[in-house]
Amino acid sequence: MEKITDKIATLPKDANYFSLEFFPPKTQQVRQQSSLSLPCRLKGVDAWLTRRDQGFSNLQARLERMSRGLRPLFVTVTWGAGGSTATKSLELAEICQRQLGLTTCLHLTCTNMSRSLVDDALQQAKALGIRNILALRGDPPRSEEYRERDDDGVKGEGDSNEEFTWAVDLVRYIRKQYGDHFCIGVAAYPEGHSDQSHPETQDTSHDLPYLIEKTKAGADFIMTQLFFDVKAYEEYEAMLRNHESGAFNDIAIIPGLMPIQSYQILRRTTKLSHAKLPPDLLARLDAVKGDDEAVKRVGVEIVSEMVEDIKMTTTRTPRGFHFYTLNLEKAVAHVIERCQLIPPSSPTMNGSDDDDTIAVEETGDYLLVDGVAKPKDHRRRMSSANNSNPRNRVVVERPSTSSQASFEAPEDEAGVPKDKINSRANTLAISEGEGSLGREATWDDFPNGRWGDARSPAFGEIDGYGVSLHVSIAQAIKLWDHPTTTADISYIFCRHLNGELEAIPWSEEGLNPETNIIRNELIKLIEKGWWTVASQPAVNGVRSSDPVFGWGPRNGFVFQK
């Protein structure tokens, strides 16, 4: 039941710490839908619903590994716009706080939802022992869209927009109702906030008065939106620290970083958040964008360099880093270990050190393995990286003289060491994808398409906040006008295919070059009333280096329906 600021205050001034963000997978709503009375049960549907339920269960397992292997100072749990994930967010926060013993910060938005939901969330957070709230506005207030109206057209009771318009309103309300019980965080934007109500105004100086207001209203720490331009962040933090108001002299300012999971996710999230990608960084990723594994590897290097650069800047408080994990663990685990952000071990209840590893010391023709002398050819490694070659192996009792010995594994080297499997070192290795257990734990590291596998903790929208146009009303009207008929919508689709519209609500990115090959066929379908999304031409064995269809590592082949 610790406050984030209290934990930071106990750290040495030159210490570094980090936190992790998670969002609830889309599972609970499906469970409710599956309880409907149906005339018959479809086996395929039941299996799909089961996979959806597994997403939340798999996230719990991932959280347990990451909490043990990485030891974050705290974690945050997202809250869907308009309270769309209220139940699931509170359930996930309870797991983090009570089951795993992690200091937990609950995101809370205040617009476009039932007024009572704000109070319910705060009351439940207090009951669960959660002492930290990240106070956010959410989407711009749009009561006419989000709140139901009565038969006489009068807006229903309890509209949160009547009391909350900005995040500062929520900060003031929490302080008024709960005093100092909660530690309150607020958001900041190192490159300026592209507010949907004023999308053309993305300027840090424009945002500054609002951040000062939130801080003076009772904010205890500041957490920034993701960015990739380190120079812009350093200038932003310097501006805050040196501001004449003195509002930011000693407050914790935590930069938000997103490990690069894939090229497509990177481009989409930076577009939605209006975060700039420095040309040199983008060039490094463009060089490998067709190879998902290479993108992750280069991404780990880039984010690690960002962390090290920020660590070099002077700060008046311990230096923190907040990682937007997207519910994936491999990339963030590599970054955190590479940058030496994992805190030292603390003694366990029995007095032993939690940071056990299997000690391997060479002596003559023998190795000392956990104090036992064994021949050098009986070497055993520290973590689940043992026998991590991507092929099946035969477990044998003793070393073999077979010519196929490389396909054999001694029984005490099959997968993980026989003892101390749950050591912090082994858990970290699993989170980093090492060994058979690591490959199993990070199986969803490369999502299939936009949505991925329903069993994955990362299943759902990559930003974790549910359905949204991601543009302002003014921008939407400028792009799409006011469609009222199916012909109007067909016209919008055709304009998008012809390159006249950069985006439509179902296709936020520009079209891929391969779409040109089937453009005429797609337009004919659309003119008949068939609106097509994510269509692609058939490809049969084209090389992965092909300039139009190619993707993936070299010397591969591409097949698609």
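Cut-offs used in this document
Residues numbered from 1 in each chain as written. Predicted model: local features only at pLDDT ≥ 70, side-chain atom pairs only at ≥ 80, totals over all residues. Heavy atoms only, no water. Pairing = 2+ DSSP bridges. Helix = DSSP H or I, 4+ residues; strand = E, 2+ residues; numbered from the N terminus. Axes fitted to C-alpha atoms, helices over the stretch in contact; angles between N-to-C directions. Contact = heavy atoms within 4.5 Å. Salt bridge = Lys/Arg side-chain N within 4 Å of Asp/Glu carboxyl O. Buried < 20%, exposed > 50% of the residue type's maximum accessible area, 1.4 Å probe, protein only. Parallel < 35°, antiparallel > 145°, perpendicular 65-115°, else oblique. Nonpolar A, V, L, I, M, F, W, Y, C, P; charged D, E, K, R; others polar. Phe/Tyr/Trp six-rings, centres within 6.5 Å; stacked < 30°, edge-to-face > 60°.

Caption draft 1: Fine view of the sheet that holds strand 7 (residues 252-257). The strand order 1-2-3-4-5-6-7-8 describes a closed barrel built from eight strands, whose pairing is parallel. Strand-to-strand twist of the sheet, defined as the mean angle between neighbouring strand axes without regard to direction, takes the value 25 degrees. Here strand 1 (residues 16-22) runs beside strand 2 (residues 74-77); their pairing, made up of four bridges, is parallel. Note on strand 2: the bridge partner recorded for Leu-20 is Val-75. Sitting on the sheet, helix 5 (residues 115-127) touches strand 3 (104-108) and strand 4 (132-135), and the angle it makes with strand 3 is about 175 degrees.

Caption draft 2: Molecular detail of the pattern of salt bridges. Evaluation of the coordinates by the stated rule reveals 13 salt bridges. The partner of Lys-7 in a salt bridge is Glu-2, with the nearest N and O atoms 3.9 Å apart. With its nearest N and O atoms 3.8 Å apart, the salt bridge here joins Arg-172 to Asp-169. Linking Arg-172 with Asp-169, this pair stays in helix 7 (residues 167-178), spanning three residues, or about one helical turn. Relative accessible area serves as the criterion here: at 40%, Arg-172 is assigned to the partly exposed category.

Caption draft 3: Representation of the packing of helix 7 against helix 8 (residues 204-217). Packing of helix 7 against helix 8 brings their axes to within 9 Å, and their N-to-C directions diverge by 5 degrees. The angle between helix 7 and helix 8 falls in the class roughly parallel. Contact with helix 7, carried on its side by Ala-167, Val-168, Val-171, Arg-172 and Arg-175, involves Glu-213, Lys-214 and Ala-217 of helix 8 and no other residues of that element. Residue composition of the contact of helix 7 with helix 8, by class: four nonpolar, no polar and four charged.

Caption draft 4: Representation of the packing of aromatic side chains. In this structure the tally under the stated criterion is seven aromatic pairs. Seen in terms of ring centroids, Phe-18 and Phe-323 are 6.4 Å apart; in terms of plane orientation they differ by 65 degrees. Their pairing is edge-to-face. In this pair, Phe-18 sits in strand 1 while Phe-323 sits in strand 8 (residues 319-324), placing the two residues 305 residues apart along the sequence. Of the two residues, Phe-18 and Phe-323, both sit in the buried class. Between the aromatic rings of Tyr-178 and Phe-182, the centroid separation amounts to 5.2 Å while the plane-to-plane angle is 70 degrees, which identifies the pairing as edge-to-face. The exposure class of Phe-182 is buried, given its relative accessible area of 0%.

As far as function goes, none of this settles anything; it's purely spatial.
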